[in-house]
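Descriptive analysis of the structure
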Amino acid sequence: MIIQQAGMAGTLESSDITISVEPNGTKGIEIELKSTVENQFGNQIRKVILETLQGMGIEHAYVRANDKGALDCAIKARVMTAVSRVVEGDCRPWEAE
């Protein structure tokens, strides 16, 4: 899948995260992270974002994440939602096949 435009998912509430995804040409996946718990969990947050994008077949994206202590499952859900809003075609990775 190719990201066609910028899209976003999430809120700035406690225990949530905002994820913004944009096209990144052919530069791979770049992640810009702001987090209240970056010292403790920054690497894990980046890992969840990267693995979720790769699992969806995304090879090139610029991601801005603003984390307020979200759990891994919330991070994954926000990434999937943001991507589903900006790719061509019917992308609903959470539906059963």
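Our structure is the block above this text.
These notes cover the structure that comes with them.

Rules used in this analysis
- Residues numbered from 1 in each chain as written.
- Predicted model: local features only at pLDDT ≥ 70, side-chain atom pairs only at ≥ 80, totals over all residues.
- Heavy atoms only, no water.
- Pairing = 2+ DSSP bridges.
- Helix = DSSP H or I, 4+ residues; strand = E, 2+ residues; numbered from the N terminus.
- Axes fitted to C-alpha atoms, helices over the stretch in contact; angles between N-to-C directions.
- Contact = heavy atoms within 4.5 Å.
- Expected span 1.5 Å × (residues − 1).
- Buried < 20%, exposed > 50% of the residue type's maximum accessible area, 1.4 Å probe, protein only.

In this section: the sheet that holds strand β2 (residues 17–22). Taken together, the 4 strands give an open sheet; going across it, the order is β1-β2-β4-β3, and neighbouring strands pair in mixed fashion. Both outer strands of the open sheet, β1 (7–9) and β3 (29–35), are each paired with one neighbouring strand and no more. Neighbour to neighbour, the strand axes of the sheet diverge by 15° on average, direction disregarded. One ladder, built from 3 bridges, connects β1 with β2; its direction is antiparallel. Paired with Ala-9 across the bridge in β2 is Ile-19. Together, β2, β3 and β4 (61–67) form the strand contacts of helix α1 (residues 38–55), whose direction differs from that of β3 by roughly 145°. In the packing of helix α2 (residues 72–84) onto the sheet, contacts are made with β1 and β2, and the angle to β2 comes to roughly 35°.

The terminal C-alpha atoms of α2 lie 18 Å apart, and with 13 residues this matches the ideal 18 Å at 1.5 Å per residue to within 8%. By the burial criterion, the buried members of α2 are Ile-75, Val-79, Met-80, Ala-82, Val-83 and Ser-84. If you follow the buried residues of α2, they end up packed against β1, β2 and α1.

Let us look at α1. An α-helical turn contains 3.6 residues, so a residue and the one three or four places further along point in the same direction. Compared with the 26 Å implied by 1.5 Å per residue over 18 residues, the 23 Å span of α1 between its first and last C-alpha is a close match. Looking only at α1, the buried set comprises Gly-42, Ile-45, Val-48, Ile-49, Thr-52 and Leu-53. Taken together, the buried residues of α1 touch β2, β3, β4 and α2. Once α1 ends, the next one or two residues include Gly-57, with phi positive near 85°.

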